[in-house]
Amino acid sequence: MVDETANSQRQAALDYHKYPKPGKLEIRATKPLANGRDLARAYSPGVAEACLEIKADPDTARDYTARGNLVAVVTNGTAVLGLGNIGALASKPVMEGKAVLFKKFANIDCFDIELNESDPYKLADIVCALEPTFGAINLEDIKAPDCFIVEKLCRERMNIPVFHDDQHGTAIVVGAAAVNALHVAGKKFEDIKIVSTGGGAAGIACLNMLLKLGVKRENVWLCDIEGLVYHGREKDMSPQKAEYAQGTVPATLADVIGGADLFLGLSGPGVLKPEMVARMAARPIIFALANPNPEIDPDAARAVTPDAIIATGRSDYPNQVNNVLCFPFIFRGALDAGATEINDEMKIACIEGIAALARATTSAEAAAAYSGEKLTFGADYLIPKPFDPRLMGVVACAVAKAAMETGVALRPIADLKAYKEKLDGSVFKSAMIMRPVFEAARTASRRIVFAEGEDERVLRAAQAVMEDTTETPILIGRPDVIESRCERAGLKIRPGVDFNVVNPENDPRYRDYWETYHGLMARRGVTPDLAKAIMRTNTTAIGAVMVQRGEADSLICGTFGQFLWHLKYITEILGTPALHPVGALSLMILEDGPLFIADTQVHPEPTPAQIAESVIGAARHVRRFGLEPKIALCSHSQFGNLDCDTGRRMRAAMAILDSAPRDFAYEGEMHIDSALDVDLRSRIFPGAHLPGPANTLIFANTDAASGVRNILKMKGGGLEVGPILMGMGNRCHIVTPSITARGLLNMSAIAGTPVAHYG
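Here is a short report on the structure shown in this document.

To continue, consider the sheet that holds strand β11 (residues 447-450). Strand order in the open sheet made by the five strands is β13-β12-β11-β14-β21, with parallel pairing throughout. Both edges of this open sheet fall to β13 (500-502) and β21 (732-734), since each of them pairs with a single strand only. Across the sheet, the axes of successive neighbouring strands diverge by a mean angle of 20 degrees, strand direction being ignored. As paired strands, strand β14 (residues 554-557) and β21 are joined by three bridges and run parallel to one another. In the sheet register, Ile556 faces β21, and the bridge partner there is His733. Together, β14 and β21 form the strand contacts of helix α25 (residues 563-574), whose direction differs from that of β21 by roughly 165 degrees.

Next comes the structure, spelled out in structure tokens:
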């Protein structure tokens, strides 16, 4: 079974890279090219004007080209992840992945460049020749000691930032973790003894950074596969290792670990033994950063020393040391300030920003993203989580400020406060908006029942659910049909082995189910025979009964059939005085950010009270995605200029909302363009109580809401997440027949988030 799971995961990873189009990147035009006039400006003759401006003043390349927001990820494939020297071509998926992280986390455009060149001096020549194209260079996965040579030459010869992330990205995050670990342990850099394993690029860079933070060189003991690095050692040495030589005789890790305050591991699994931990100083700090398996399992270390402060490179343990905390944001700040380099002061500013974030009060967004985890500064929370939305503003701003203070910023930022606000506002303008939802789902073990369990999209989603969350999928359908379709689709999951199945044709709980349903519906015209028939044929009703009986936490249905048909059974079985359908909320992920739309399904012509309920429900759900709701009530009338039905109902809904204090921004009634265009709104209605463009549109009928949603989806390139059924306490969600397997996975993450997050 282990082999089958591994093969399944391997195939899923290959499919991810291959479909729907090969690779993870594409290039898109940012200017229109719709007619002869556009063509004449984009290319000849108009393009000559931009060329001449840049020739006269090279700094204007930032104004007329993409260079100021363009980074190259450059490698020769000699030290790729844990794969070793696999060559430039084989490293391309990794470099594409790095480029995607740049774009998603910091909105930095990126080209990956893989070079067939093993000579570090020739490699440096090639990289330096790229300077006219890029605003910065990220060196990646180049073996030591070549990486030191390449970076040094490039930094000396280039007038743009050059940053070897394997060295400095790791060193920065380790530095931030060390700052806070020492704070927790009550120790100081200048007093501690450090023992490190791993003399590669990352290990040496981490030690160099710790020295800059105050560690004394004589208190550092470096070991590698050959043991202690000592004076006179000849085997497997480099000038960088020699800087940390201690003593003149061979020794092992076990020989030097005694009394160590900090163990820094960037080597391999199992290097640090429990008996070695026992000999470390009181309240030891253990950074076991080898991936995927650390130098020591945290549980094994704590079994010896319960008060040890531990960080790893893994996301399933506290204190994950992850370069993504650093590199997107240090490049963001450097590019925006026009920095000519990334110097030590900028790196230390990055460290201080990351460390301070962990010590600060946790943001509501971060708390929502990591529901169930205690995000209070201490031994298990030394550094922020990778998906903390504050990272962009805090870290990039600190880096830009340091660049200006050290004189390497060619374009100083006049107003750092406004710059930080701009960065904070840009965080969620991408498909990464789903990340806090998945993080919250990973902390809860909820049971999700899929009504249409025989559908191939559901089967693919079920496999993804098991891979990406801690949820337990339950599928309603015939086991033999499910098994044959899993096999046909190349899925390794099997009913009754990897997930539970409810067979409508033959399930031992059948009597319990129809009696439960009959008990709920006996006084609404449902006879025992009808209850039996429904529990044999209606999978939505079966799933709702399971939730009602506590055998599942949430139901997902609707991959076929009409929304209101499913809603009828859900309301009958799961509706209570406190729980009733309020509306359907669709999240549209667009190029320039997310937009929520309601009510797309539930109330064809909602009353003012129903509109107000939908507004309040939407505000709760928008916050689930880490956004502050800004809601526009949309109609044909604009601030009372028409006495039409939609205008009257929206005005009445506004009166209901205004009758009590609300903790979110809303305004209406208005047109969609006024909701999204602040300048237009301010001209028409200067006193509007809505800061910035709306991120949520509430409509007065489902025709309008659903129409806008479908236009954005089919013609606007929008990706829909939803519909999210509001008002039912997250006990059920009804999707639409057009949903994809990925869409079902998104909905399962929403359903998998504990109900407390929804209110």
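What follows covers a negative patch on the surface. Together, Glu49, Glu53, Asp57, Asp59 and Asp63 make up a region of like negative charge exposed at the surface. Its location among the elements puts Asp59 in the loop between α3 (47-56) and α4 (61-64).

Glancing now at the environment of Ala106. Structurally, the position occupied by Ala106 is in helix α5 (residues 92-106). We classify Ala106 as buried; its relative accessible area is 1%. Separated by 227 residues in sequence, Ala106 and Gly333 have C-alpha atoms that sit 9.7 Å apart. If near-sequence neighbours (up to four positions away) are discounted, Ala106 is found in contact with Leu101, Pro328, Arg332 and Met392.

In this section: the pairing of strand β18 (residues 665-670). Extensive coverage of β18 is indicated by the burial of six of its six residues. Sheet topology places strand β17 (residues 630-634) next to β18; five bridges connect them, and they run parallel. Opposite Cys634, over in β18, you have Met670 as the bridge partner.

With that settled, consider the sheet that holds strand β20 (residues 719-726). One open sheet holds the six strands; their spatial order is β18-β17-β19-β16-β15-β20, and the pairing between them is mixed. Single-partner strands in this sheet number two, and they are β18 and β20. Recorded for the sheet is a direction-independent mean angle of 20 degrees between the axes of neighbouring strands. In this sheet, β20 lies alongside strand β15 (residues 583-590) in antiparallel orientation, the contact comprising six bridges. Residue pairing for β20: Leu587 is matched across the bridge by Val721. On top of the sheet, helix α26 (residues 608-624) reaches β15, β16 (593-598), β17, β19 (696-699) and β20; it is set at about 160 degrees to β19, its chief contact. Docked against the sheet, helix α27 (residues 645-658) engages β17, β18 and β19, running at close to 155 degrees with respect to β18.

So, about helix α6 (residues 120-128). Here α6 has its buried residues at Pro120, Leu123, Ala124, Val127 and Cys128. Looking straight down α6, one finds that the buried residues subtend no more than 135 degrees of arc, so they occupy a single side. Against the buried residues of α6 lie β1 (70-75), β3 (136-139) and α7 (146-157).

Within this structure, the stated rule accounts for eight aromatic pairs. Both rings, one in Phe111 and one in Phe134, keep their centres 6.2 Å apart while their planes meet at 85 degrees; by these two values the pair is edge-to-face. Separated by 23 residues along the polypeptide, Phe111 in strand β2 (residues 109-114) and Phe134 in the loop between α6 and β3 bring together distant segments of the chain. When its relative accessible area of 35% is taken as the criterion, Phe111 is described as partly exposed. Judged by relative accessible area, Phe134 falls into the buried class, the value being 3%. Consider the rings of Phe664 and Tyr666, whose centres lie 5.7 Å apart with planes at 55 degrees: the pair is tilted. Take Tyr666: its relative accessible area is 12%, and that puts it in the buried class. By the ring-pair criterion, three or more aromatic residues cluster together here, those being Phe102, Phe163, Phe327 and Phe331. The side chain of Arg536 reaches across the aromatic face of Tyr510, ending 3.6 Å from its centre.

This part is about the side chain of Glu669. Residue position: Glu669 is located in strand β18. Taking the relative accessible area as the measure of exposure, Glu669 reaches 2% and is therefore buried. A polar side-chain atom of Glu669 sits 2.7 Å from a polar atom in the side chain of Ser637. A distance of 2.7 Å separates a polar atom in the side chain of Glu669 from a polar atom in the side chain of Arg651. Not counting residues within four places of it along the chain, the set of residues in contact with Glu669 comprises Leu633, Ser635, Ser637, Gln638, Phe639, Gly640, Asn641, Gly647, Met650 and Arg651.

Moving on, we get to unusual backbone geometry. Of note, the bond from Ser44 into Pro45 is cis; its omega dihedral lies within 30 degrees of zero at 5 degrees. Looking at the element boundaries, Pro45 is found in the loop between α2 (36-42) and α3. The omega torsion of the bond from Ala598 to Asp599 falls at -10 degrees, within 30 degrees of zero and hence cis. For Asp599, the location among the structural elements is in the loop between β16 and α26. Its identity is not glycine, yet Arg283 carries a phi of approximately 50 degrees, on the positive side. By the secondary structure assignment, Arg283 is in the loop between α12 (274-277) and β9 (285-288). We note that Asn319 has phi near 60 degrees; this positive angle belongs to a residue other than glycine. Summarising the element assignment, Asn319 is placed in the loop between β10 (309-312) and α14 (327-336).

A surface patch of nonpolar side chains, amounting to about 420 Å² of accessible area, comprises Leu33, Leu39, Tyr43 and Val47. Positionally, Leu33 belongs in the loop between α1 (2-18) and α2. Since its relative accessible area comes to 57%, Leu33 is described here as exposed.

In this section: the pattern of salt bridges. Once their charged atoms are close, side chains differing in charge can pair, the charge on each being opposite to the other. Within the structure shown, the criterion is met by 42 salt bridges. Residues Asp344 and Lys347 are paired through a salt bridge, measuring 3.8 Å at the closest nitrogen-oxygen approach. Of this pair, Asp344 and Lys347 both sit in helix α15 (residues 344-359), three residues apart, which is roughly one turn of that helix. When its relative accessible area of 31% is taken as the criterion, Asp344 is described as partly exposed. Residue Arg649 is joined to Asp645 by a salt bridge in which the shortest nitrogen-to-oxygen separation is 2.9 Å. Here Arg649 and its partner Asp645 are both found in helix α27, four residues apart, which amounts to about one turn of the helix. For Arg649, a relative accessible area of 9% gives the class buried. Note on Asp645: relative accessible area 39%, which makes it partly exposed.

By size, the foremost hydrophobic cluster in this structure holds 105 residues, and its most contacted members are Val74, Ile137, Leu210, Phe287, Ile330, Met346 and Ile354. Among the elements that take part in this core, helix α8 (residues 165-185) stands out by supplying ten residues, more than any other. Formed by 57 residues, the second largest nonpolar core is a distinct cluster that contains Ala461, Ile482, Phe499 and Val622.

Cut-offs used in this document
- Residues numbered from 1 in each chain as written.
- Predicted model: local features only at pLDDT ≥ 70, side-chain atom pairs only at ≥ 80, totals over all residues.
- Heavy atoms only, no water.
- Pairing = 2+ DSSP bridges.
- Helix = DSSP H or I, 4+ residues; strand = E, 2+ residues; numbered from the N terminus.
- Axes fitted to C-alpha atoms, helices over the stretch in contact; angles between N-to-C directions.
- Contact = heavy atoms within 4.5 Å.
- Patch = residues over 30% accessible without salt bridge, like charges linked within 9 Å, V, L, I, M, F, W, Y side chains within 5 Å.
- Areas by Shrake-Rupley, 256 points an atom, 1.4 Å probe, with all protein chains shown as cover.
- Salt bridge = Lys/Arg side-chain N within 4 Å of Asp/Glu carboxyl O.
- Lys, Arg positive; Asp, Glu negative; His and termini not counted.
- Charge placed at Lys NZ, Arg CZ, Asp CG, Glu CD.
- Buried < 20%, exposed > 50% of the residue type's maximum accessible area, 1.4 Å probe, protein only.
- Arc of directions from axis to C-beta.
- Phe/Tyr/Trp six-rings, centres within 6.5 Å; stacked < 30°, edge-to-face > 60°.
- Lys NZ or Arg CZ within 6 Å of the ring centre and 35° of its normal.
- Polar contact = N/O pair within 3.5 Å; in protein donor to acceptor, adjacent residues only side chain to side chain.
- Core = buried A, V, L, I, M, F, W, Y, C linked by side-chain atoms within 4.5 Å.

As far as function goes, none of this settles anything; it's purely spatial.
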